[in-house]
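# Results of the structural survey
Residues per chain are reported as follows:
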Amino acid sequence: MKIDFIDLQTQYLKYKEEIDSEISEVLNTAQFIGGEKLDELEKNLASFVGVRHAIGCGSVTDALLASLMALNIGYGDEVITTPFAFISSTEAIAFLGAKPIFVDIDKDSYNIDATKIEAVISERTKAIIPVSLFGQCADMDAINEIAKKHNIAVIEDASQSFGATYNDKKSCGISTIGCTSFFPANPLGAYGDGGAIFTDDDDIATKIRIVLNHGQNDKYRYKYIGINGRLDALQAAVLNVKLKHFTDEVNLRDDIGSRYSDLLEDAEVIIPKIAQNCTSVYTHYSIRVKDRDAMVEKLKSKEIPTKIFYPLPIHLQEAFLYLGHKEGDFPISEEVSTQIISLPMCPYLTEPNQDFIADAIKDN
Ligand SMILES: Cc1ncc(COP(=O)(O)O)c(C=O)c1O
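Quick caveat: nothing in here was measured; it's all calculated off a predicted structure.

Analysis parameters
- Residues numbered from 1 in each chain as written.
- Predicted model: local features only at pLDDT ≥ 70, side-chain atom pairs only at ≥ 80, totals over all residues.
- Helix = DSSP H or I, 4+ residues; strand = E, 2+ residues; numbered from the N terminus.
- Rg over C-alpha atoms; globule rule 2.2 N^0.38 Å.
- Buried ≥ 20, exposed ≤ 12 C-beta atoms within 10 Å, placed from the backbone.
- Near = placed C-beta within 6 Å.
- Nonpolar A, V, L, I, M, F, W, Y, C, P; charged D, E, K, R; others polar.
- Core = buried A, V, L, I, M, F, W, Y, C linked by C-beta atoms within 7 Å.
- Domains from an automatic or database assignment.
- Contact = placed C-beta atoms within 7 Å.
- Pairing = 2+ DSSP bridges.
- Axes fitted to C-alpha atoms, helices over the stretch in contact; angles between N-to-C directions.
- Expected span 1.5 Å × (residues − 1).

## With respect to the overall build of the chain
Along the backbone of the chain there are 11 helices and 13 strands. Against the 2.2 N^0.38 benchmark of 21 Å for 364 residues, the chain shows a C-alpha radius of gyration of 20 Å, consistent with a compact globule. Viewed in the frame of its principal axes, the chain has a C-alpha envelope of about 65 × 55 × 35 Å. By residue count, 45% of the 364 residues in the chain fall in the buried class.

And the structure:
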């Protein structure tokens, strides 16, 4: 039996008729940028999350960039985020000339440790970007409270948590701005790059829309310096179909994630800890093991694919050495990055395959 790390083919075959028909509609109308498909998607995304505005964009990297730009964040400003994450949050901050200020992660959730945030807030701090990793939201209440006290914005990077809940609120709808990625491997994945920005703030939404379209507020009139960060109609068409089935897939993800945890309960690994007030969409089912190389090899010998998210924390990456950090500065991020390993996960992982993976992990 062949096990995929993420099985996108089975999902496509399940919705093939709907997806093919939506795609051919776009081809027939030749409306490739903006238009009805995007309007429909934005309306449905806003209603799914429960916010006033959802804005499609080219990727979450564009989403984070446009959000920071809409908040006038740039040279001399500081933005707090974590070093154990995908690069986009730090990349967007640095790209605008602002300074990424790292806070270590919590050892159980792998998300920003909210208890360590206040210690790094300065007069220059303008925002916090918590990255909701692996499928579970960061501790947004605690983060929002700190942000409110210091009058700064919170931008959730919810690329991996879209569909998850925090105190019954949906990820992307719990902060000043929520950003998600429709990268194909994510729970709501497009057939190429894509992302979305969510907010209840009308002024921020208006500015973000302008920034994502070259800063253009009228035909060939440019109010701000912007970017080309639009979501194209073909991706919107695919996402419209997938969003219709998304809640079912989120439920399947929850079942499969919980089943993994039951199967691995007695294994010598650390399984994900989901906070009581949270649900996870298990974008990645990630466990911690002492001897990761041996585990990767053991699973590989049984043709079980694994991935490592992420092997080197951002403060130790060559591009960010200019920040002056060294090994030991963020010990939990550093330790987790040597032990973390993600297992095959998607709504269509079969029980026999999951049993096979769990048995292989437990096999000595
Ligand atoms: C947490 C996180 N941030 C950022 C990204 C980058 O997304 P994109 O390729 O849409 O810019 C990803 C990709 O999935 C991600 O998981």
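## Points about the site of the ligand
Taken together, the neighbourhood of the ligand is formed by 15 residues, with Ser59, Thr61, Ser88, Ser159 and Ser181 sitting nearest. Class assignment of the residues belonging to the shell around the ligand gives a composition of 5 nonpolar, 8 polar and 2 charged.

## Quick look at the nonpolar core
One recurring pattern in soluble globular proteins is that nonpolar side chains are buried together. If you look at the biggest cluster of nonpolar residues, it comprises 96 residues, and the most contacted ones within it are Leu64, Ala66, Leu68, Ala127 and Ile197. In terms of residue count, the dominant contributor to this core is helix H3 (residues 60-70) (8 residues). Shared between two domains, this core holds at least three residues of each, these being domain 1 (8-103 + 111-244) and domain 2 (246-362). Other than its neighbours up to four places away in sequence, Ala66 contacts Cys57, Ile197, Ile208, Val211, Leu212, Ile227 and Gly229.

## Focus: the domain arrangement of the chain
Along its sequence, the chain is carved into domain 1 (8-103 + 111-244) and domain 2 (246-362). The distance between the C-alpha centroids of domain 1 and domain 2 comes to 24 Å. Facing the 28 residues of domain 1 at the interface are 27 residues of domain 2. Mapped by element, the contributors of at least two residues to the side of domain 1 that touches domain 2 are helix H1 (8-29), strand E3 (99-102), strand E6 (165-166) and helix H7 (233-244). Class assignment of the residues belonging to the side of domain 1 that touches domain 2 gives a composition of 15 nonpolar, 12 polar and 1 charged.

## A look at the sheet that holds strand E8 (residues 177-181)
In space, the 7 strands of this open sheet follow the order E1-E9-E8-E5-E4-E2-E3, with mixed pairing throughout. Each of the sheet's edge strands pairs with one partner strand only, and the pair in question is strand E1 (53-57) and E3. Across the sheet, the mean angle separating the axes of adjacent strands is 25 degrees when strand polarity is ignored. With 4 bridges joining them, E8 and strand E9 (residues 195-199) adopt antiparallel strand pairing. Residue pairing across strands places Gly178 opposite Phe198, the latter belonging to E9. On top of the sheet, helix H2 (residues 36-49) reaches E1 and E9; it is set at about 130 degrees to E1, its chief contact. Against the sheet, helix H4 (residues 88-95) engages strand E2 (78-81), E3 and strand E5 (153-157), with an angle of about 175 degrees to E2.

## Overview of the environment of Cys137
Position of Cys137 among the secondary structure elements: in the loop between strand E4 (125-128) and helix H5 (140-150). Spatially, the C-alpha atoms of Cys137 and Ile314 are 20 Å apart, while their sequence positions differ by 177 residues. If sequence neighbours within four positions are ignored, Cys137 has contacts with Ser132, Ser161, Ala164, Tyr166, Ser171, Ile174 and Cys278.

## Some points on H7
Every α-helix carries 3.6 residues per turn, so stepping three or four residues along brings you back to the same face. The end-to-end C-alpha distance of H7, which contains 12 residues, comes to 17 Å, matching closely the 16 Å that a straight helix rising 1.5 Å per residue would cover. What H7 keeps buried is the set Ala233, Gln235, Ala236, Ala237, Val238, Leu239 and Lys242. In this structure, the buried side of H7 is in contact with H1, H2, E1 and helix H8 (246-263).

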